[in-house]
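Observations on the model geometry
Here's the letter readout for the chains.
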Amino acid sequence: MHTLTRGVIAGATGTVALNAATYTDMLVRARPASSVPAEVANELADRADVSLGEERTRTNRTQGAGALLGYVTGLGIGIGYSLAPRMMKNLPVWATGPVLGVAAMAGSDVPATVVGATDPKKWGVNAWLSDIIPHMVYGVTTAAVYRMLDR
């Protein structure tokens, strides 16, 4: 199997695991979905001068685009990992997983912060845990799946 294919599969599986962890958190704590991905998509569309339609249409499109941005990040990190030097891919999953989790977290939180959709300096403990835990689940899953496919 080609290394990029392994990266896409690992990143996709990690993204499913991240979403499952996030939705489990929402179920257990009865918390609402985050509006941040849609706000990022909305701001990026504005900056690119792309019309997403009138208010209702725009709202629906930004929600879809925000979700898709998450998939792009998850798949992108998986592909990036597949292109990493062999030395990094030979590290144990417990070491590589958090690195991939932090990369995915940065891939979503940095753009959100830059466009003003969120401010991590104002997050409380619960907000940090709601962000860190699913991203660590993503990282460990992505590393484990890639390792399994690479054998």
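See the structure shown above.
Residues numbered from 1 in each chain as written. Predicted model: local features only at pLDDT ≥ 70, side-chain atom pairs only at ≥ 80, totals over all residues. Heavy atoms only, no water.

**Some thoughts on the nonpolar core**
Generally speaking, soluble globular proteins have nonpolar side chains that are buried together. Applied cut-off: Only buried Ala, Val, Leu, Ile, Met, Phe, Trp, Tyr and Cys residues count toward a nonpolar core, and they belong to the same one when joined by side-chain atoms within 4.5 Å. Each residue's exposure class comes from its accessible area (1.4 Å probe, protein chains only) as a fraction of the maximum for that residue type: buried when under 20%, exposed when over 50%, partly exposed otherwise. Secondary structure is summarised from DSSP: a helix means a run of H or I of at least four residues, a strand means a run of E of at least two, and numbering begins at the N terminus for each.
In this structure, A10, L18, I77, Y81, A84, L100, A104, Y138, A143, V145 and Y146 together form the largest nonpolar core, which totals 11 residues. When residues of this core are traced back to their parent elements, those giving at least two are α1 (3-29), α3 (55-82), α5 (93-114) and α6 (125-150). In terms of residues, this core owes the most to one element, α6, which gives four residues.

**Details of α5**
Counted only if it meets this: For a helix, the expected span equals 1.5 Å multiplied by the residue count minus one. At any given residue, the bend is defined as the angle formed between two axes, one fitted to the seven residues that end at that position and one fitted to the seven that begin there. Two residues form a contact once any of their heavy atoms are found within 4.5 Å.
Across its 22 residues, α5 extends 31 Å between first and last C-alpha, which sits within 8% of the 32 Å expected from 1.5 Å per residue. The largest bend in α5 comes to about 25°, at A106. Listed as buried for α5 are T96, G97, L100, G101, A104, M105, D109 and A112. Summarising the contacts, the buried residues of α5 are in contact with α2 (36-47), α3, α4 (86-89) and α6.

**Structural notes on the packing of aromatic side chains**
For clarity, the threshold we go by: Stacked, edge-to-face and tilted are the three classes for Phe, Tyr and Trp ring pairs, Trp counted by its six-membered ring, which pair at centre distances within 6.5 Å; planes under 30 degrees apart are stacked, over 60 edge-to-face, the rest tilted.
Scanning all chains against the criterion turns up two aromatic pairs. Seen in terms of ring centroids, Y81 and Y146 are 5.2 Å apart; in terms of plane orientation they differ by 70°. Their pairing is edge-to-face. Of this pair, Y81 sits in helix α3 while Y146 sits in helix α6, and the two are 65 residues apart along the sequence. The class for Y81 is buried, based on a relative accessible area of 3%. Among the residues examined, Y146 registers a relative accessible area of 1% and is labelled buried.

**Thoughts on the pattern of salt bridges**
Two side chains bearing opposite charge may form a pair once their charged atoms approach each other closely. So the rule is basically this: When a carboxyl oxygen of Asp or Glu lies within 4 Å of a side-chain nitrogen of Lys or Arg, that pair is called a salt bridge.
What the rule picks out here adds up to six salt bridges. Measuring nitrogen to oxygen at the nearest pair gives 3.3 Å for the salt bridge that ties R6 to D150. One end of the pair, R6, is in helix α1; the other, D150, is in helix α6, and 144 residues separate them in sequence. What makes R6 buried here is its relative accessible area of 10%. Exposure remark for D150: the relative accessible area of 24% places this residue in the partly exposed category.

**A short note on the packing of α1 against α3**
Two quantities define a packed helix pair, namely the angle between the axes and the distance from one axis to the other. Here is the rule we go by: Whenever a helix is involved, its axis is fitted only over the stretch in contact; in every case the axis is a line through C-alpha atoms, and angles between N-to-C directions fall within 0 to 180 degrees. Any angle from 65 to 115 degrees is called roughly perpendicular, while one under 35 is roughly parallel, one over 145 is roughly antiparallel, and all others are oblique. Helix crossings fall into two classes, left-handed where the near helix is turned counterclockwise from the far one by less than a right angle and right-handed where it is turned clockwise.
Running from N to C, α1 and α3 cross one another at 140°; their axes reach a closest spacing of 7 Å. Taken as axis vectors, α1 and α3 run oblique relative to one another. The element α1 and its partner α3 pack so that their crossing is right-handed. Seen from α1, the contacting residues are T3, L4, G7, V8, G11, A12, T15 and N19; seen from α3, they are Y71, G74, L75, G78, I79 and S82.

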